[in-house]
Amino acid sequence: MDANEILDYCLAKRGTTESFPFDNETLVLKVDTKMFLLMGLERQPLAINVKTDPEWSAELREQYPQITGAYHMNKTHWNSVTTDGLKRDLIFKLIDHSYDLVFKSLTKKAQIAVNSL
């Protein structure tokens, strides 16, 4: 799976925007104003950071060596996922989960605005 596939998948989600707020290499994807995915475009192998329910995080980290606590982020809620060796369905499931967690944390007004796009 490459960065373009992940980017296209994320941008197809309602209310998603992309930016480079930290540097020219770290792509940040947001729903409304909140991050749900970070991707280091220069990093090889490709890795993404996604928000994950803490209980599922522990399970994922035990099951997959490619999934670890995200560097420079709250490791209880964020995972770094090296995409090599993982099934694309799992990667998409992690992205969906991250998006959904962040969307649910938005205010009702913001959720309505995103849903109206």
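Notes on the structure follow. Sequence order as written defines the numbering, with residues in each chain counted from 1. pLDDT decides what is reported in this predicted model: residues at 70 or higher carry local features, side-chain atom pairs at 80 or more are listed and counted, and totals for whole chains, interfaces and linings draw on all residues regardless. Heavy atoms throughout the structure, all of them, feed into the side-chain values; hydrogens and water do not.

**Quick look at the pairing of strand S6 (residues 78-82)**
Of all 5 residues in S6, 5 are buried, a share of seventy percent or more. Side-chain alternation along S6 places Trp78, Ser80 and Thr82 on one buried face and Asn79 and Val81 on a second face that is also buried. Both strand S4 (residues 47-51) and S6 contribute to a ladder of 5 bridges, which runs antiparallel. When the bridges of S6 are listed, Val50 appears paired with Asn79. Note: strand S5 (residues 67-69) against S6, 3 bridges, orientation antiparallel. Its bridge partner lying in S6, Thr68 is registered against Ser80. Here's how the labels work: a residue is buried when its accessible area is under 20% of the maximum for its type, exposed when over 50%, partly exposed in between, all with a 1.4 Å probe on protein chains only. Secondary structure counts use DSSP, requiring at least four H or I residues in a row for a helix and at least two E residues in a row for a strand, with both numbered from the N terminus. When DSSP finds two or more bridges between two strands, those strands count as paired.

**Thoughts on the nonpolar core**
Side-chain atoms within 4.5 Å are what join buried Ala, Val, Leu, Ile, Met, Phe, Trp, Tyr and Cys residues into a set we call a nonpolar core. One finds Phe36, Leu37, Ile48 and Ile95 to be the most contacted residues of the largest nonpolar core, which totals 28 residues. Sorting the residues of this core by element identifies helix H1 (3-11), strand S2 (26-31), strand S3 (34-40), S4, helix H2 (54-63), helix H3 (88-105) and helix H4 (108-115) as the ones contributing at least two each. The dominant element in this core, judged by the number of residues it contributes, is H3, at 8 residues. Ranked by size, the runner-up nonpolar core spans 5 residues in total, among them Val28, Leu38, Ala70 and Met73.

**Quick word on the packing of H1 against H3**
For helices, the fitted line uses only the C-alpha atoms of the stretch in contact; every axis is such a line through C-alpha atoms, and the angle between N-to-C directions lies from 0 to 180 degrees. Close contact between H1 and H3 brings their axes to 11 Å; oriented N to C, the two are set at 40°. Taken together, the axes of H1 and H3 lie oblique to each other. When you trace H1 past H3, the crossing you get is right-handed. Contacts between H1 and H3 pair Glu5, Ile6, Tyr9 and Cys10 from the former with Arg88, Phe92, Ile95 and Asp96 from the latter. Residue polarity follows a fixed list, in which Ala, Val, Leu, Ile, Met, Phe, Trp, Tyr, Cys and Pro are nonpolar, Asp, Glu, Lys and Arg are charged, and the others, Gly among them, are polar. Its residues placed into classes, the contact of H1 with H3 shows 5 nonpolar, no polar and 3 charged. Working rule for angles: under 35 degrees goes down as roughly parallel, over 145 as roughly antiparallel, 65 to 115 as roughly perpendicular, anything else as oblique. A crossing counts as left-handed when the near helix is turned anticlockwise from the far one by less than a right angle, and as right-handed when that turn is clockwise. Any two residues whose heavy atoms approach within 4.5 Å are treated as being in contact.

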